[in-house]
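One letter stands for each residue in the lines below.
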Amino acid sequence: MLHRAHLNLVDSSRWFFGLDHKATIEVGEGWLLGAGSPEHPVISNAAFRADDALDGEELIARAKEFFGERGRGFSVWVRAGQPEDEDLIAAAEAAGLATVYEMPEMILDAPPPNEPTPPGVEVRRLSNAEEAADFWKVATESYADIGWPPEVFASYTENARLLADNAAVFTAYLDRAPVAIAATLVSHSVAGVYWVGTLKSARGKGLARRMTATAVEAGLELGANIASLQASPMGRPIYAAMGFKTVYDYRLMMSPPPA
């Protein structure tokens, strides 16, 4: 179950990079490297290991070459405390990468609780690429509170990819204005829940719980049997109250841009 959740993160990250019209993606036997339009070394330039048998030093060397050619810093996603990634963490540390951020990996292995839709709120599933503008507006404003630079979301312009057969993307409207979002991508029978966000003006109404449950429900309908997410400090208590359990922490280890 835990490995399937990790593979969903890798697949979802590839999906995110594909939304960026200028991103460069390299997919190999057991790894994913993605360089987005923005040069942010933590959010937009990242390396992932999909095959635990891939040598950690090999992944770090490939990432150093890939991002070095582009003059970029980057971050490697590792599973802290998991034996599968002990060699990768050691290789990253030996190469001078430093931990810059950690977030819990949380799993829900039961149907989500029945979350009511707040009064006056309408939840809509994205049905065409043109509707994505409202989704990205909420993402840009809500994620600014946890430090995401706006150019990250501005780079996502290949919005037809949001309509993938294994994805579902939702926006909530309050008095006809977009105020909350969530999305899911299903792979390996896992519903990866991403981009849960609520505008500051609409918080405290239960929208995060409703949107998370909506994404999980859609994922189950698309064939998933568990849900997975990586929680922000703001979201963690909300997800825990819904029944999500922390199974380990993702650690982002950063290599700065070459001098």
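Up top you'll find the structure we're talking about.
Residues numbered from 1 in each chain as written. Predicted model: local features only at pLDDT ≥ 70, side-chain atom pairs only at ≥ 80, totals over all residues. Heavy atoms only, no water.

Let's talk about the overall build of the chain
Of regular secondary structure, the chain possesses seven helices and 11 strands. Whereas a compact globule of 259 residues would reach a radius of gyration of roughly 18 Å, the chain reaches 18 Å, a difference of no more than 12%. Sorting the 259 residues of the chain into buried and exposed places 53% on the buried side. For the chain, the exposed area adds up to about 11100 Å²; of that, 50% sits on carbon and sulfur atoms. If the 22 positive side-chain charges of the chain are averaged to one point and the 34 negative ones to another, these points end up 6 Å apart. (Helix = DSSP H or I, 4+ residues; strand = E, 2+ residues; numbered from the N terminus. Rg over C-alpha atoms; globule rule 2.2 N^0.38 Å. Buried < 20%, exposed > 50% of the residue type's maximum accessible area, 1.4 Å probe, protein only. Areas by Shrake-Rupley, 256 points an atom, 1.4 Å probe, with all protein chains shown as cover. Lys, Arg positive; Asp, Glu negative; His and termini not counted. Charge placed at Lys NZ, Arg CZ, Asp CG, Glu CD.)

Here we look at the environment of N8
Within the secondary structure, N8 sits in helix α1 (residues 2–19). Separated by 232 residues in the primary sequence, N8 and A240 place their C-alpha atoms 20 Å from one another. Leave out the neighbours within four places in its chain, and N8 touches L185, V186, S187, H188, V190, G192 and Y194. (Contact = heavy atoms within 4.5 Å.)

Some words on the pattern of salt bridges
As a working rule, side chains carrying opposite charge can pair if their charged atoms are close by. According to the stated counting rule, one finds 13 salt bridges in the structure shown. Between R70 and E69 there is a salt bridge, with its nearest N and O atoms 3.7 Å apart. Exposure remark for E69: the relative accessible area of 60% places this residue in the exposed category. What emerges from the salt-bridge pattern is a single network uniting R49, D52, R79, D85 and D87. (Salt bridge = Lys/Arg side-chain N within 4 Å of Asp/Glu carboxyl O.)

Topic: helix α3 (residues 86–94)
Here α3 has its buried residues at L88, I89, A91 and A92. In a view along the axis of α3, the buried residues occupy a sector of 165°, so they form one face of it. Counted as exposed and oriented over 90 degrees from the buried face of α3: E86 and A94. Tucked inside the fold, the buried residues of α3 contact β3 (45–49), α2 (56–68), β4 (74–80) and β11 (245–255). A positive backbone phi angle near 90° is found at G96, which sits one or two residues after α3. (Arc of directions from axis to C-beta.)

A look at the sheet that holds β4
In spatial order, the strands read β1-β2-β3-β4-β11-β5-β10-β9-β8-β7-β6; together these 11 strands make up an open sheet with mixed pairing. Across the chains shown, the open sheet's two edge strands, defined by having one partner strand only, are β1 (24–28) and β6 (121–125). Across the sheet, the mean angle from the axis of one strand to that of its neighbour is 20°, orientation sign disregarded. Together, β1, β2 (31–35), β3, β4, β5 (98–108), β7 (167–174), β8 (177–187), β9 (190–198), β10 (226–230) and β11 form the strand contacts of α1, whose direction differs from that of β9 by roughly 55°. Across the face of the sheet, α3 comes into contact with β3, β4 and β11 while running at roughly 145° to β4. (Pairing = 2+ DSSP bridges. Axes fitted to C-alpha atoms, helices over the stretch in contact; angles between N-to-C directions.)

Observations regarding helix α6 (residues 207–221)
With 15 residues, α6 extends 21 Å between its outermost C-alpha atoms, agreeing within 8% with the 21 Å of an ideal straight helix rising 1.5 Å per residue. Counting buried residues in α6 gives 11 out of 15 residues, a clear majority hidden from the surface. Taken residue by residue, α6 has L207, A208, R210, M211, T212, A213, T214, A215, V216, A218 and G219 as its buried positions. Just beyond α6, the residue with positive phi is G223, at close to 110°. (Expected span 1.5 Å × (residues − 1).)

Description of the packing of α2 against α3
The geometry of α2 relative to α3 is characterised by a closest axis approach of 8 Å and an angle of 45° between their N-to-C directions. Judged by the inter-axis angle, α2 sits oblique to α3. Between α2 and α3 lies a crossing whose hand is right-handed. Together, G56, E57, L59 and I60 of α2 and D87, L88, A91 and A92 of α3 make up the contact between the two elements. Grouping the amino acids of the contact of α2 with α3 by side-chain chemistry returns five nonpolar, one polar and two charged. (Parallel < 35°, antiparallel > 145°, perpendicular 65-115°, else oblique. Left-handed = near helix turned anticlockwise from the far one by under 90°. Nonpolar A, V, L, I, M, F, W, Y, C, P; charged D, E, K, R; others polar.)

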